[in-house]
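Coordinates in review
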Amino acid sequence: MTIPTDDVVVPDRVRLLARGADLECVWRNDYGGLTFRATGQGDPFFIKWGPRNLEFTLSDEAERMQWASQWITVPTVLESGGDETHEWMVTAALDGLSAVDPRWVAEPAVAVRAVGEALRAMHDALPVADCPWDWSVSSRIENAERRGIVVPDHLRTAPEIDLLVVSHGDACCPNTLVGDDGRWLAHVDLALLGVADRWADIAVAAMSTEWNYGPGWEDALIEAYGVEPDRERLAYYRELWNAA
Ligand SMILES: Nc1ncnc2c1ncn2[C@@H]1O[C@H](COP(=O)(O)OP(=O)(O)O)[C@@H](O)[C@H]1O
Ligand SMILES: [Mg+2]
């Protein structure tokens, strides 16, 4: 997953959805999915487009975004759809940069704090009792097995739940948008949002600091979230993420 540096060929569907707007590709994911910023035709918007996959769908994501928007800032979904091979979702642009934009990679202390505080705010705001989706260990293992992944036996026994929250599901740093003031602004990429132990998200957010800012930021993220590191749960959920 990365900010593309080469020229990206704009898919025909994206061109149609852009309705004449200028397109800049801002993100390429591991599934071959692309996200474009569209400008110059009214308010700016984003087009997320990608091949169908067995892990999640963009219609799942659109539904979750609409639900979460009752309590937290997430992009407003303008349109979503799919054909036999691909899916897409169009959202109104929020006025923030990904926490891994070069601007914030140059200021890791600010970015890491923003991501940790954003995650905590999300966990505090979303109501577990109203959440229709599950991101429990067993559901994740089932999902992985559907995709043909062999999950090691020792991961089948999760640590006791510390605190159930509505988890982001992909709490890595690129999915927090940061405002000009260096504070978190919004969450994106909610296709896997669901109820789980909070350490499922904290572990991924902490681990991803190393991919995006280099070593040494994990504990700063956990401190910004506002808990003492729980080494056992961190290790378990990191391993589950890498396996599943
Ligand atoms: N509505 C939006 N407003 C601002 N930035 C957005 C918006 N939607 C997506 N982005 C940017 O595009 C990037 C990719 O979108 P994301 O949903 O995370 O795709 P992926 O699932 O491929 O990671 C995000 O990290 C964010 O920087
Ligand atoms: Mg993302």
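Cut-offs applied
Residues numbered from 1 in each chain as written. Chains lettered and ligands numbered in written order. Predicted model: local features only at pLDDT ≥ 70, side-chain atom pairs only at ≥ 80, totals over all residues. Heavy atoms only, no water. Helix = DSSP H or I, 4+ residues; strand = E, 2+ residues; numbered from the N terminus. Rg over C-alpha atoms; globule rule 2.2 N^0.38 Å. Buried < 20%, exposed > 50% of the residue type's maximum accessible area, 1.4 Å probe, protein only. Disulfide = S-S within 2.5 Å. Near = heavy atom within 4 Å. Polar contact = N/O pair within 3.5 Å; in protein donor to acceptor, adjacent residues only side chain to side chain. Areas by Shrake-Rupley, 256 points an atom, 1.4 Å probe, with all protein chains shown as cover. Nonpolar A, V, L, I, M, F, W, Y, C, P; charged D, E, K, R; others polar. Domains from an automatic or database assignment. Pairing = 2+ DSSP bridges. Core = buried A, V, L, I, M, F, W, Y, C linked by side-chain atoms within 4.5 Å. Contact = heavy atoms within 4.5 Å. Lys, Arg positive; Asp, Glu negative; His and termini not counted. Salt bridge = Lys/Arg side-chain N within 4 Å of Asp/Glu carboxyl O.

What follows covers the overall build of the chain. Counting its secondary structure elements, the chain contains eight helices and ten strands. Taking 2.2 N^0.38 as the reference for a compact globule, 244 residues should give roughly 18 Å; the C-alpha atoms of the chain span a radius of gyration of 18 Å, in line with that estimate. Dimensions of the chain, computed from the C-alpha atoms along their principal axes, are close to 50 × 40 × 35 Å. The 244 residues of the chain split such that 50% are buried.

Once that is clear, we can look at the state of the cysteines. On inspection of all chains with the given rule, the structure shows zero disulfides. Its sulfur unpaired, Cys-25 is 17 Å from the next cysteine sulfur, which belongs to Cys-172. Cys-131 forms no disulfide, and the closest cysteine sulfur to it belongs to Cys-172, at a distance of 19 Å.

Near ligand 1 you find 17 residues, and of these Asn-29, Lys-48, Ala-92, Pro-174 and Asp-189 are the closest. A distance of 3.0 Å is found between an oxygen atom of ligand 1 and a side-chain nitrogen or oxygen belonging to Trp-27. For ligand 1, the accessible surface in isolation is 550 Å², of which the surrounding protein chains cover 93%. Contributing elements (two or more residues each) for the shell around ligand 1: strand 1 (22-28), strand 3 (45-51) and strand 5 (86-92). Here the residues of the shell around ligand 1 are counted per class, giving ten nonpolar, five polar and two charged. Counting only domains with at least three residues in the shell around ligand 1, you end up with domain 1 (12-92) and domain 2 (97-243).

Turning next to unusual backbone geometry. Notably, Arg-19 is not glycine yet its phi reads approximately 45°, a positive angle. Within the secondary structure, Arg-19 is located in the loop between helix 1 (12-18) and strand 1. The exposure class of Arg-19 is exposed, given its relative accessible area of 58%. In this structure, Asp-189 takes a positive phi of about 70° despite not being glycine. Turning to its location among the elements, Asp-189 is positioned in the loop between strand 9 (184-187) and strand 10 (194-197).

It is worth spelling out the pairing of strand 9 at this point. Here strand 8 (residues 176-178) pairs with strand 9 via three bridges, running antiparallel. Following the sheet pairing, Leu-177 is matched in strand 9 by Ala-186. Taking the residues between adjacent antiparallel strands as the criterion, strand 8 and strand 9 are bridged by five residues, where Gly-182 takes a positive phi near 85°.

In this structure, Ile-202, Tyr-213 and Tyr-237 are the most contacted members of the largest nonpolar core, which totals 39 residues. For this core, the secondary-structure elements that each account for two or more residues are strand 1, helix 4 (108-125), helix 5 (137-146), helix 6 (198-213), helix 7 (218-225) and helix 8 (231-243). In terms of residue count, the dominant contributor to this core is helix 6 (seven residues). Structurally, this core is a two-domain feature, drawing no fewer than three residues from each of domain 1 (12-92) and domain 2 (97-243). Sequence-distant contacts of Tyr-237, defined by excluding residues within four places in its chain, comprise Val-137, Arg-140, Asp-197, Trp-199, Ala-200 and Ala-203. In this structure, Met-65, Val-74, Leu-126 and Leu-190 belong to the second largest nonpolar core, which totals 17 residues.

Quick look at the sheet that holds strand 9 now. Read from one edge to the other, the open sheet built from three strands follows the order 6-8-9, with strand pairing classed as antiparallel. Of all strands in the sheet, those with a lone pairing partner are strand 6 (97-98) and strand 9, marking the two edges. Bridge analysis of strand 6 against strand 8 gives two bridges, and the strand direction is antiparallel. Residue pairing across strands places Ser-98 opposite Leu-177, the latter belonging to strand 8.

Take Asp-201: it is sitting in helix 6. In this structure Asp-201 is buried but unpaired, with Arg-140 as the nearest side chain of opposite charge at 7.1 Å. Side-chain polar atoms of Asp-201 contact the side chain of His-123, separated by 2.8 Å. When residues no more than four places from it in sequence are discounted, the contact partners of Asp-201 are Leu-119, His-123, Trp-135, Ser-167, His-168, Gly-169, Asp-170 and Ala-171.

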